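So you can see what is in the structure, the chains are spelled out below.
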Amino acid sequence: MNYETGKRYFLIFIASVVLACAPHTAKAQTQPMVGVTATADSSTISIGDWIHLTVQATHPSSVSIQWPAFRDSLGGGFDIIQADTAARRSESNGQITETRTIVVSRYEPGSSMIPAITLAYRSPNDTTVYSAQTNPIPVEVRPIAVDTTIAIKDIKPPLSVPLSWQEILLYAGIVLLLAALGYGGWWLWKKRQRKQLGIVEEKPAIPPDILALAQLHELEEKHVWQKGEIKAFYSEATEIVRRYFEGRYGVMALEMTTDEVLDQLVQFKLSREMMDEIRAFLADADLVKFAKVIPSISDNERVIPVALEIVEKTRPVAQPNVPHVQVVDVAPTGAAVAETGNSTGRQVKG
């Protein structure tokens with residue numbers, strides 16, 4: 001190889017090296033300046049104490065910082081108690097400062113080191129991802145002094161948790177349920193005891209005429225039509241009379257039309273005057289209830305007196321009092337022992 005050929009190869013080699021190193025040199029020259037620091041509010045703690053760690057990143061406004069996801073721990077035995085979810089930003093002279101606070105703790109005594117935290121960042125028009133790390137921070141964790149001369153006790157006293165209103169309602173419901181079950185059991189036991197003793201309770205039935213008269217007087221005292229409730233007044237008055245017919249004659253007057261009620265009442269041999277009065281009373285009420293006829297004041301004032309007259313003239317004739325006989329137990333010989341309603345002694349029926 002002559003001198004000219006060797007010189008040519010040497011120049012080609014130098015050019016290749018320069019071209020290969022040129023991109024890296026450009027990147028090194030264009031890499032943005034980013035500063036990342038970490039400071040702790042204390043370097044000596046007791047087991048379980050909190051350390052407030054402040055992490056700051058200062059960078060040009062054109063640079064975007066990517067913070068790591070702080071989860072359970074930082075490493076080195078330091079657990080994360082809480083961490084800011086977003087960085088606080090401030091800007092001055094084209095430089096942006098981002099700050100995040102992390103609260104950590106360690107539960108093992110001895111010397112340790114809060115590890116460095118790595119932040120990634122990128123520049124515009126540059127696909128390269130750079131990284132910067134904070135400085136590690138030494139921490140001394142002291143054990144808790146134990147006085148062996150006194151009894152062992154909790155670090156903190158037990159906390160009393162107040163009851164919520166949901167728990168109060170739950171407990172109140174349980175108490176009411178138990179009370180209801182207890183009362184139901186007692187009632188069933190008393191009923192069984194009375195049944196075993198042969199005691200039969202009978203509710204006194206109110207005669208239909210007495211009930212109808214009382215309800216009509218009560219309706220009159222409510223002054224329903226005087227308040228403008230005309231239809232409700234006529235409906236309640238006729239319902240009382242129809243219910244009286246059901247109890248008095250055993251016809252389903254509440255379920256029948258006026259003509260059907262009159263057809264049923266014929267069999268009870270009521271006088272012609274009474275049948276005409278009942279027909280007029282029910283027909284007038286039907287006109288008000290269904291045909292929306294507006295009655296006069298005198299018509300309204302006659303409703304209660306006419307209803308009272310119908311009940312008074314059709315009520316059963318008073319009968320002499322008949323002692324009520326009720327079987328209360330059974331004698332050993334098989335004779336029924338009965339007690340009269342108005343007697344002071346007992347009667348035995350063979």
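This text gives an overview of the structure that appears in the document.

Conventions and cut-offs
Residues numbered from 1 in each chain as written. Predicted model: local features only at pLDDT ≥ 70, side-chain atom pairs only at ≥ 80, totals over all residues. Heavy atoms only, no water. Helix = DSSP H or I, 4+ residues; strand = E, 2+ residues; numbered from the N terminus. Buried < 20%, exposed > 50% of the residue type's maximum accessible area, 1.4 Å probe, protein only. Expected span 1.5 Å × (residues − 1). Contact = heavy atoms within 4.5 Å. Core = buried A, V, L, I, M, F, W, Y, C linked by side-chain atoms within 4.5 Å. Axes fitted to C-alpha atoms, helices over the stretch in contact; angles between N-to-C directions. Left-handed = near helix turned anticlockwise from the far one by under 90°. Nonpolar A, V, L, I, M, F, W, Y, C, P; charged D, E, K, R; others polar. Polar contact = N/O pair within 3.5 Å; in protein donor to acceptor, adjacent residues only side chain to side chain. Salt bridge = Lys/Arg side-chain N within 4 Å of Asp/Glu carboxyl O. Pairing = 2+ DSSP bridges. 1 Å grid on protein atoms, 1.4 Å probe; cavity = no way out; pocket = protein on both sides within 12 Å on 5 of 7 lines; lining within 4 Å. Points joined across faces, edges and corners; volume = space filled by probe spheres on them.

### Some remarks on unusual backbone geometry
Residues other than glycine predominantly adopt negative phi, and peptide bonds predominantly adopt the trans conformation.
Then, number 1: Not every positive phi belongs to a glycine, and Asn 93 is a case in point at roughly 55 degrees.
Then, number 2: Within the secondary structure, Asn 93 is located in the loop between β7 (88-92) and β8 (95-105).
Then, number 3: Asn 93 sits in the exposed class, given a relative accessible area of 77%.
Then, number 4: In the Ramachandran plot, His 223 falls in the positive-phi region, its phi being about 55 degrees despite a non-glycine side chain.

### Observations regarding helix α4 (residues 230-249)
Then, number 1: A rise of 1.5 Å per residue sets the reference length of α4, with its 20 residues, at 28 Å; its end C-alpha atoms lie 29 Å apart and thus fit the reference within 8%.
Then, number 2: Along α4, the positions that sit buried rather than exposed are Phe 233, Tyr 234, Ala 237, Thr 238, Ile 240, Val 241, Arg 242, Tyr 244, Phe 245 and Tyr 249.
Then, number 3: Among the structural elements, α3 (208-222), α5 (258-265), α6 (272-290) and α7 (297-314) are those in contact with the buried residues of α4.
Then, number 4: A positive backbone phi angle near 75 degrees is found at Gly 250, which sits one or two residues after α4.

### Observations regarding the nonpolar core
Then, number 1: Of all hydrophobic cores here, the largest spans 33 residues; its most connected members are Phe 233, Phe 245, Ile 278, Phe 281 and Ile 310.
Then, number 2: Contributing elements (two or more residues each) for this core: α3, α4, α5, α6 and α7.
Then, number 3: Top contributing element to this core by residue count: α4, with 8 residues.
Then, number 4: Ignoring any residue separated from it by four or fewer positions in sequence, one finds Phe 281 in contact with Ala 237, Thr 238, Val 241, Val 303, Val 306, Ala 307 and Ile 310.
Then, number 5: Formed by 26 residues, the second largest nonpolar core is a distinct cluster that contains Val 55, Ala 57, Trp 67 and Ala 132.

### Side note on the packing of α4 against α6
Then, number 1: Close contact between α4 and α6 brings their axes to 9 Å; oriented N to C, the two are set at 145 degrees. Judged by the twist between their axes, the crossing of α4 over α6 is left-handed. Here Ile 230, Lys 231, Tyr 234, Ser 235, Ala 237, Thr 238, Val 241, Arg 242 and Phe 245 of α4 come into contact with α6, specifically with Ile 278, Phe 281, Leu 282, Ala 285, Val 288 and Lys 289.
Then, number 2: Looking at side-chain class alone, the contact of α4 with α6 contains 10 nonpolar, 2 polar and 3 charged residues.

### A few points about the side chain of Ser 105
Then, number 1: Here Ser 105 is to be found in strand β8.
Then, number 2: The class of Ser 105 is buried, set by a relative accessible area of 0%.
Then, number 3: Only 3.3 Å separates the side chain of Ser 105 from the backbone oxygen of Gly 48, close enough to count as a polar contact.
Then, number 4: Discounting chain neighbours no more than four positions away, the residues touching Ser 105 are Gly 48, Asp 49, Trp 50, Gly 77, Phe 78, Asp 79 and Ile 81.

### Re the environment of Ile 240
Then, number 1: Take Ile 240: it is sitting in helix α4.
Then, number 2: Relative accessible area serves as the criterion here: at 4%, Ile 240 is assigned to the buried category.
Then, number 3: Separated by 28 residues in sequence, Ile 240 and Ala 212 place their C-alpha atoms 6.0 Å apart.
Then, number 4: Not counting chain neighbours up to four residues away, the residues in contact with Ile 240 comprise Ala 212, Gln 215, Leu 216 and Leu 219.

### Re the pattern of salt bridges
Then, number 1: Under the counting rule described, the total for this entry stands at 10 salt bridges.
Then, number 2: Linking Asp 84 and Arg 88 is a salt bridge whose minimum nitrogen-to-oxygen distance equals 2.8 Å.
Then, number 3: Among the residues examined, Asp 84 registers a relative accessible area of 23% and is labelled partly exposed.
Then, number 4: Residue classification places Arg 88 among the partly exposed residues on the basis of a relative accessible area of 44%.
Then, number 5: Glu 312 is the salt-bridge partner of Arg 315, the closest N and O atoms lying 3.1 Å from each other.
Then, number 6: Residues participating in the shared-partner salt-bridge network are Asp 209, Glu 312 and Arg 315.

### Quick word on the sheet that holds strand β10 (residues 118-122)
Then, number 1: With antiparallel pairing, the 3 strands of this open sheet are ordered in space as β4-β10-β11. The sheet is open, and its two borders are formed by β4 (64-66) and β11 (130-133), each paired with just one other strand. The average undirected angle you get between the axes of adjacent strands in this sheet is 30 degrees.
Then, number 2: Taken together, the 4 bridges between β10 and β11 define a ladder with antiparallel strand orientation. Along β11, the bridge assignment pairs Leu 119 with Ala 132.

### Thoughts on the layout of surface pockets
Then, number 1: Taken as a whole, the largest pocket spans an internal volume of roughly 300 Å³.
Then, number 2: Together, 15 residues line the largest pocket, and Ala 280, Phe 281, Asp 284, Asp 299 and Arg 302 are the ones closest to its centre.
Then, number 3: Where the lining of the largest pocket is concerned, the elements lending two or more residues are α6 and α7.
Then, number 4: For the lining of the largest pocket, the leading source of residues is α6, giving 7 residues.

### Describing the sheet that holds strand β2 (residues 44-46)
Two orientations exist for strands paired in a sheet by backbone hydrogen bonds: parallel and antiparallel.
Then, number 1: Read from one edge of the open sheet, 3 strands run β2-β12-β9, paired in mixed fashion. At either end of the open sheet lies a strand with only one pairing partner, and these are β2 and β9 (110-114). This sheet shows a mean twist of 35 degrees between the axes of neighbouring strands, independent of strand direction.
Then, number 2: In terms of strand pairing, β2 meets strand β12 (residues 137-142) through 3 bridges, oriented parallel. The residue bridging Ile 45 from the neighbouring strand is Val 141, located in β12.

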